[in-house]
Amino acid sequence: MIDVEQLRNRYSGRDEDTLKGLSFSVEPGEIFGFLGPSGSGKSTTQRLLIGLEKGHRGAIRLFGRPIQEWNAALYRRIGVCFELPNHYAKLTARENLAVFAALQGIENRRRIDAVLDQVGLLADADTRTARFSKGMKIRLNLARALLPEPDLLFLDEPTSGLDPVTAGRIKSVIQDRQAAGTTVFLTTHTMQDADQLCDRVAFIVDGELKQIDAPSVLKQRFGEDSLTVRHVRAGRVMTSRFPLQELANNADFQALLRTDRIEQMHSQEASLDDVFIRVTGAALI
Amino acid sequence: MTAWLALLNAEARLFWRQGLVAAALVLTLVWVALLHLTPPADRLFWLGLVAGMDVIAMGLLFGFGLGLLDQVQGTPTAWRLTPTPALWFSLSRTLLLSGLLTACLLLLAFLVLPFATVWPRLPGLVLLAIQAALAGQLFGRWLSDLNGFILATALSAPLWALPFLGYAGWLDGPLPWLWPLSGGLYWLTEGALSSPVSLAWITGLQLGWILVSAGLVERLAPRHLGHRLGERS
């Protein structure tokens, strides 16, 4: 679906490449997470993949065809949902989608109500978007991206800054699209989303790919399951963390059990955040 | 075609709901009232001055305002991700904005002067409106904040002002008639009653300025609305 080989990009006036030879592939039907801190090159990569930037070196192939050979017809096959709203504030949700449906060449008017329904905005279809909350605006962005029934969906931070209910709704739409056969390229710095949604994730830091694999594999390879204990020592409440592996032989843990009063104890699976920090040495901001 | 009609429809709603139509109408009626205070014999002269200044002020302000609104709303990014050619966006806005400005100028002219006086000068009003609409779009595409708009308006003022000096008879020779609003203003002096050769020359020059402005809007503006597909890296 997407094949990228030795992708390099440099903005004018910069001494250094923003992207330093990225190579990866996205298979049909998978949700591929592209993870990295702000300024790591995630958005630049996405903008190159969707044809909003030029000047790259290396190869990009979409649907098996080099991106240079694509024309605007590509936009009938992909949908793009940005982190920030992209619609007319003084038009209603339905009017906004009607404009973009016409621009996409979509003649089936029922498609508008269908996508509004998918993202849970049908009841607010005739409300001007200026009155929408942030979550509703992002859902409308997603609805716009879904209009052409895309084979490939690009999502840029789709749950950033949203309340858990709205974020959950968006994640459920993404999973529905995957079930319907859509490939999803998800750009995010929210590891929890990536862990929940993605079949594979790529870690990008300073324009370089550090790892690509399934979240579960990465957690197994680089993560460390642990036991967190809240205990009281000499009247002071303390928290200690021990690796689950070889716990029975851990002298510090055994000493703690003998000497301190245990208040709480729970095991914790390694998170993708921990793996990211361990692999890249960078924190997600 | 459906896409272009949808764009026109969206732009028309935008103009109406953002209050551009109301603002233009109120401004025009204020000018009508003020022009009625002048002696009837002088009204044609004052109409030219007012029409020229009013149209360029509204064109720059509305064009820049719409450009700024586009940036705030993020709509151009979404437009670029559709198969619709970039040119259609500029065309629909130019058509709507110049249409609004032409309507205001016609209202102003017909409420102030007799029909027979206005009729031979109609092309001038249309030329002024198209030029002002494109100049406004140019500002909207090139400038990203209010400070830039104020500076650009101040710096470009001589460009807009010179034709008025020619129109008012304060500057002789061809110099005042070489600038972007000249053709429109020249038509307002004697209109179709002028010498056909002079009219042809100055109208051609005005159309040239319109083409240059359109080219700057469509091709060279930093906020280009086209996508990059089909271009070699």
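Computed from a prediction, not measured in an experiment: that's the story for all the values here.

**Some words on the interface of chain A and chain B**
- Every contact between the two is made by 34 residues of chain A and, on the other side, 28 residues of chain B.
- When chain A packs against chain B, the two sides together hide about 2,900 Å² of surface, and 64% of this comes from carbon and sulfur.
- A:E95 is paired through a salt bridge with B:R13; the nearest N and O atoms lie 2.5 Å apart.
- The tally of links from chain A across to chain B stands at nine residue pairs in polar contact (both at pLDDT 80 or more).
- A per-element tally of the side of chain A that touches chain B places helix α2 (residues 93-104) of chain A first, with six residues.

**Here we look at the environment of A:A167**
All names here are of chain A.
- As for its placement among the helices and strands, A167 is situated in helix α5 (residues 164-179).
- For the pair A167 and R139, spaced 28 residues apart in sequence, the C-alpha separation works out to 9.5 Å.
- Filtering out sequence-adjacent residues up to four positions away, A167 remains in contact with T159 and L162.

**A look at the UniProt feature "domain: ABC transporter" (unreviewed entry) in chain A**
- The sites that carry the UniProt feature "domain: ABC transporter" (unreviewed entry) are, in the present numbering, residues 2-231 of chain A.
- Segment residues 2-231 of chain A splits into 32% helix and 27% strand. End C-alpha atoms: 51 Å apart.

**A few points about the pattern of salt bridges**
Residues and elements named next belong to chain A.
- Taken as a whole and assessed by the stated rule, the structure comprises 22 salt bridges over all chains.
- As a salt-bridge pair, D17 and R10 come within 2.8 Å of each other at their nearest N and O atoms.
- With a relative accessible area of 11%, D17 lands in the buried category.
- Classification of R10 as partly exposed rests on a relative accessible area of 41%.
- Here the salt bridges share partners, and the residues they tie into one network are R8, R10, D17 and R57.

**Observations regarding helix α2 (residues 20-35) of chain B**
- Helix length check: α2(B) (16 residues) gives 22 Å between terminal C-alpha atoms against 22 Å at 1.5 Å per residue, within 8%.
- Considering only its buried residues, α2(B) is in contact with α1 (2-17), α3 (43-73) and α5 (86-112) of chain B.

**A short note on unusual backbone geometry**
All names here are of chain A.
- Residues other than glycine seldom take positive phi values, yet F63 does so here, at roughly 50 degrees.
- In the Ramachandran plot, A234 falls in the positive-phi region, its phi being about 50 degrees despite a non-glycine side chain.
- Here A234 shows up in the loop between β11 (226-233) and β12 (236-243).

**Looking at the packing of aromatic side chains**
- Evaluation of the coordinates by the stated rule reveals 19 aromatic pairs over all chains.
- Between the aromatic rings of A:F63 and A:W70, the centroid separation amounts to 5.9 Å while the plane-to-plane angle is 65 degrees, which identifies the pairing as edge-to-face.
- The class of A:W70 is buried, set by a relative accessible area of 6%.
- Geometrically, the ring pair formed by B:F45 and B:W46 is edge-to-face, given 5.5 Å between the ring centres and 75 degrees between the ring planes.
- Look at B:F45 and you get partly exposed, because its relative accessible area is 32%.
- The class for B:W46 is partly exposed, based on a relative accessible area of 38%.
- These aromatic residues form a ring-pair network of at least three members: A:F24, A:F32, A:F34, A:F154 and A:F185.
- Here A:R77 stacks its cationic end above the ring of A:F63, 3.8 Å away from the centre of that ring.
- Here the basic side chain of A:R144 rests over the ring of A:F100, its NZ or CZ set 5.5 Å away from the ring centre.

Reading the values: the criteria
- Residues numbered from 1 in each chain as written.
- Chains lettered and ligands numbered in written order.
- Predicted model: local features only at pLDDT ≥ 70, side-chain atom pairs only at ≥ 80, totals over all residues.
- Heavy atoms only, no water.
- Contact = heavy atoms within 4.5 Å.
- Buried area = accessible area lost by both parts, 1.4 Å probe.
- Salt bridge = Lys/Arg side-chain N within 4 Å of Asp/Glu carboxyl O.
- Polar contact = N/O pair within 3.5 Å; in protein donor to acceptor, adjacent residues only side chain to side chain.
- Helix = DSSP H or I, 4+ residues; strand = E, 2+ residues; numbered from the N terminus.
- UniProt positions renumbered as here; feature names shortened; annotations may be inferred.
- Buried < 20%, exposed > 50% of the residue type's maximum accessible area, 1.4 Å probe, protein only.
- Expected span 1.5 Å × (residues − 1).
- Phe/Tyr/Trp six-rings, centres within 6.5 Å; stacked < 30°, edge-to-face > 60°.
- Lys NZ or Arg CZ within 6 Å of the ring centre and 35° of its normal.

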